[in-house]
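Inside the fold
The lines below spell out each chain.
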Amino acid sequence: MKPKRNQKPVHTKRNKKMFYRKIEDKYIDPFTDFGFKKLFGQECNKDLLLDFLNELFHKKEGRIVSISYLNTEKLGIVEDTRKAVLDLFCENEKGEKFIVELQKAKQDFFKDRTLFYSTFPIIEQAPAGKWDFKLKSIYIVAILNFVFEEDKKKPHKYRYDIMLSDIETHKVFYDKLTFTYLEMPKFTKEVDELKTHFDKWMYVIKNLKRLDDVPDKLRNSIFEKMFAAAEVAKLTPEEYMKYLTTFYTYSDWDNCLATAKREGTEKGLAEGRAEGRAEKQEIIVINSHQAGLSLEMIATITGLSVEEISKILEKHKC
């Protein structure tokens, strides 16, 4: 049975049947893996990413003329080193690299993670043979749906631009490695308060899911295209299934964390994580399989191996 458009899969242990609840939103949520990559990671929407990056970096970088997408899966130097799967990885016409990451929930050592990611575009610039170590600039952009604990005392500062600098003079020591963190919860401006193009980008990314139409103040070619690309009703059946799984995985996971936090025990949080993750993965696998997606595609969506997916399908006799 395939889900109807705008309905949510719900798995029940009692009878193993699938039921669906309607999704009311007109636009996709950019804070889902599918939504973010749909809006910023497709060739047809490359101009959206280009406009966003230009707004972030034109004062330092100058106007970026073009960008091209690169492989988002990066491997370490040796076989057993840890692998990084980036949200978006691209380069401009000068060969400078941009990594754009979306982080939905607070994560321990997230700053360490972004530093780790920056090492891949640094190392891959080394050519074979003699080299003078001259590097192209690298930019790491992190769009955060949370606030770092140490930043909570600065409620009005939502953008952080980090470079290597001298501790005493505070002057930039090295300007080819830039980390930009955007703490979205701190951005509280409403439509009538938007003054700059950057304000508008922040507003759209934070509020797209809850809007019913394009606000008059955002009626230009870039944002009208973004709103059009974000319409849930325009998704293909395959796109819709991908969005359905990532949307409800994020929503339910967020609710589970909030519930466990209210219960106030680390034990409850840990148990909620383990039980909720396994249950949601089974829901995603079963619904994706029923929608006709291949095992390889389901593996891409869930992060599970094909063998693990096969075991789940066998368990539920799908």
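This text goes with the structure placed above it.
Below you will find a few notes about this structure.

Conventions and cut-offs
- Residues numbered from 1 in each chain as written.
- Predicted model: local features only at pLDDT ≥ 70, side-chain atom pairs only at ≥ 80, totals over all residues.
- Heavy atoms only, no water.
- Helix = DSSP H or I, 4+ residues; strand = E, 2+ residues; numbered from the N terminus.
- Buried < 20%, exposed > 50% of the residue type's maximum accessible area, 1.4 Å probe, protein only.
- Axes fitted to C-alpha atoms, helices over the stretch in contact; angles between N-to-C directions.
- Parallel < 35°, antiparallel > 145°, perpendicular 65-115°, else oblique.
- Contact = heavy atoms within 4.5 Å.
- Phe/Tyr/Trp six-rings, centres within 6.5 Å; stacked < 30°, edge-to-face > 60°.
- Lys NZ or Arg CZ within 6 Å of the ring centre and 35° of its normal.
- Pairing = 2+ DSSP bridges.
- Salt bridge = Lys/Arg side-chain N within 4 Å of Asp/Glu carboxyl O.

**Quick notes on the environment of S305**
As for its position among the elements, S305 is in the loop between α8 (295–302) and α9 (306–315). Judged by its relative accessible area of 33%, S305 falls in the partly exposed class. Once the C-alpha coordinates of S305 and L295 are considered, the two residues, 10 residues apart in sequence, prove to be 8.8 Å apart.

**Remarks on the packing of α8 against α9**
Two numbers describe how α8 lies on α9: the axes approach to 9 Å, and their chain directions differ by 105°. The orientation of α8 with respect to α9, classified from their angle, is roughly perpendicular. Contact residues: α8 offers L295, I298, A299 and T302, while α9 offers V306, I309, S310 and L313.

**Notes on the packing of aromatic side chains**
Tallied over the full model, the rule gives 17 aromatic pairs. When the centroid spacing of 5.9 Å and the interplanar angle of 45° are considered together, the rings of F34 and Y243 count as tilted. Residue F34 is found in helix α1 (residues 33–40), and its partner Y243 is found in helix α6 (residues 237–263); the two are separated by 209 residues along the sequence. Y243 shares its class with F34; the two are buried. For the ring pair F57 and F98, a centre distance of 6.0 Å and an interplane angle of 45° mean the geometry is tilted. Residue F57 is located in helix α2 (residues 46–61), and its partner F98 is located in strand β7 (residues 97–103); the two are separated by 41 residues in the primary sequence. Judged by relative accessible area, which is 3%, F57 ranks as buried. Three or more aromatic residues joined by ring pairs form one cluster here, namely F36, F40, F52, W201 and F223. R159 extends its terminal NZ or CZ atom over the ring of F198, reaching a point 5.3 Å from the ring centre.

**Observations concerning the sheet that holds β7**
Pairing is mixed across the open sheet formed by six strands, whose spatial order is β3-β6-β7-β8-β10-β9. For this open sheet the edge positions go to β3 (67–69) and β9 (159–165), each flanked by a neighbour on one side alone. Neighbour-to-neighbour, the strand axes of the sheet open up by a mean angle of 25°, direction not taken into account. Two elements, β9 and strand β10 (residues 172–183), share six bridges in a ladder whose sense is antiparallel. Following the sheet pairing, Y160 is matched in β10 by Y181.

**Considerations on the pattern of salt bridges**
Side-chain pairing between opposite charges can occur once the charged atoms of the two side chains come close. A complete count under the given rule lists 21 salt bridges for this structure. Where E91 meets K97, a salt bridge forms, and the shortest distance between an N and an O atom there is 3.3 Å. Here K97 falls in the buried class, since its relative accessible area comes to 9%. Of the charged contacts in the structure, one is a salt bridge between E224 and R219, with a shortest N-O distance of 3.5 Å. Look at E224 and you get partly exposed, because its relative accessible area is 37%. On the accessibility criterion, R219 (41% relative accessible area) is partly exposed. A single network of salt bridges, built from pairs that share partners, joins D213, D216, R219 and E224.

Read these as spatial facts, not as claims about activity.
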